[in-house]
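Below are the chains, spelled out letter by letter.
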Amino acid sequence: MTYESERKHKSDDRGELDLSLLVDQHKREIWAYKMRESDWVRTKNQLDGNKKIIEEMSAQVIGLKKEIDRLSEENNNLRTIDSSHQELNGKLRKQITEVEVEMANLKAIGNNSPEMRNLQRDNKYLVEKVRDYQEMLKKAGL
C-alpha cells in the first residue's frame, strides 16, 4: 500500500470487519498484484526479445567466422601462388639473361668466324660482279 492509500485507510471510519473495507483492501491487493504481474510480463517480453536478438547475432557471428576462415584459406592460396610466380619469374629472368649473353656471344663469334668472313668475301665478290654486269649493260646500251 502507498502512503496515500494508508492515510485514507486510517481516516476511514469503517471498522476492520466492514465488508466494503475488506473488498477495497482486496481490490488494492489485486491491483498491486496485477501491476507486479504486468512488470513481470514486460520483463519476460524484453528478455525473450533480447534472447531472439542474441540468437540472430550468434548465427551472424558463426556465418562471419566461416567467411573469415574461407577468406583466410583463399588468402593463403593466393600467397602460395604469388610465391610460386615470383620464383618462376626469377628463373625466367635468369634464363633470359643467359639467352641474351649467349646471343651476344653468338653475334660476336658469328661476325668473326671463318664462315662469316668467307660470306663477307663472297658478298663483296658478288657486289663486284653485279657492278661489272651493270657496266657491261650500260656499254651495250641496255
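These numbers come from a predicted model, not from an experiment.

Engineer: I would appreciate a short explanation of the overall build of the protein in the present structure.
Structural biologist: Broken down by element type, the protein carries three helices and zero strands. Seen in sequence order, the protein has helices and strands lined up from the N terminus as α-α-α. The buried share among the 142 residues of the protein stands at 3%. In the form shown here, the protein has an accessible surface area of approximately 13300 Å², with 58% of it arising from carbon and sulfur atoms.

Engineer: Would you mind going over the confidence of the model for the protein with me for this structure?
Structural biologist: Low pLDDT means the predicted coordinates in that region are not meant to be read closely. With 88% of its residues at a pLDDT of at least 70, the protein reaches an overall mean of 87. The least confident element of the protein, judged by mean pLDDT, is helix α1 (residues 3-11) at 52; the most confident is helix α2 (residues 19-112) at 93.

Engineer: I would appreciate a short explanation of the packing of aromatic side chains in the present structure.
Structural biologist: Geometrically, a pair of aromatic rings is defined through the distance of the ring centres and the angle of the planes. Overall, the coordinates contain one aromatic pair when judged by the stated rule. Taking 6.4 Å as the distance between ring centres and 85° as the angle between the ring planes, the aromatic pair formed by Tyr33 and Trp40 counts as edge-to-face. For Tyr33, a relative accessible area of 42% gives the class partly exposed.

Engineer: Would you take a moment to explain helix α3 (residues 114-140) for this structure?
Structural biologist: Given 3.6 residues to a turn, an α-helix orients residues that are three or four positions apart in the same direction. Helix length check: α3, at 27 residues, gives a terminal C-alpha distance of 39 Å against a target of 39 Å (1.5 Å per residue), a fit within 8%. Where α3 terminates, the next one or two residues include Gly141, which has phi positive at roughly 90°.

Engineer: Is there a simple way to think about the pattern of salt bridges in this case?
Structural biologist: Pairing between side chains of opposite charge can happen when their charged atoms approach one another. Counting across every chain of the model gives six salt bridges. Here Lys44 and Asp48 are joined by a salt bridge, their closest N and O atoms 2.8 Å apart. Highlighted residues: Lys44 and Asp48, both in helix α2, separated by four residues, approximately one helical turn. When its relative accessible area of 48% is taken as the criterion, Lys44 is described as partly exposed. By relative accessible area, Asp48 is classed as partly exposed at 37%.

Engineer: What is the right way to read the packing of α2 against α3 from this model?
Structural biologist: Relative orientation and spacing of two packed helices are given, respectively, by the angle between their axes and the distance between those axes. Where α2 meets α3, the closest approach of the two axes is 5 Å, and the angle between their N-to-C directions is 55°. For the element pair α2 / α3, the angle class is oblique. Where α2 abuts α3, its residues Gly110, Asn111 and Asn112 lie against Pro114, Met116, Arg117 and Gln120. Across the contact of α2 with α3, the residue classes tally to two nonpolar, four polar and one charged.

Engineer: What am I meant to see in a nonpolar patch on the surface here?
Structural biologist: A cluster of nonpolar side chains, contributed by Leu19, Leu22 and Val23, occupies part of the molecular surface with about 260 Å² of accessible area. Residue placement: Leu22 occurs in helix α2.

Analysis parameters
Residues numbered from 1 in each chain as written. Predicted model: local features only at pLDDT ≥ 70, side-chain atom pairs only at ≥ 80, totals over all residues. Heavy atoms only, no water. Helix = DSSP H or I, 4+ residues; strand = E, 2+ residues; numbered from the N terminus. Buried < 20%, exposed > 50% of the residue type's maximum accessible area, 1.4 Å probe, protein only. Areas by Shrake-Rupley, 256 points an atom, 1.4 Å probe, with all protein chains shown as cover. pLDDT = per-residue confidence, 0-100. Phe/Tyr/Trp six-rings, centres within 6.5 Å; stacked < 30°, edge-to-face > 60°. Expected span 1.5 Å × (residues − 1). Salt bridge = Lys/Arg side-chain N within 4 Å of Asp/Glu carboxyl O. Axes fitted to C-alpha atoms, helices over the stretch in contact; angles between N-to-C directions. Parallel < 35°, antiparallel > 145°, perpendicular 65-115°, else oblique. Contact = heavy atoms within 4.5 Å. Nonpolar A, V, L, I, M, F, W, Y, C, P; charged D, E, K, R; others polar. Patch = residues over 30% accessible without salt bridge, like charges linked within 9 Å, V, L, I, M, F, W, Y side chains within 5 Å.

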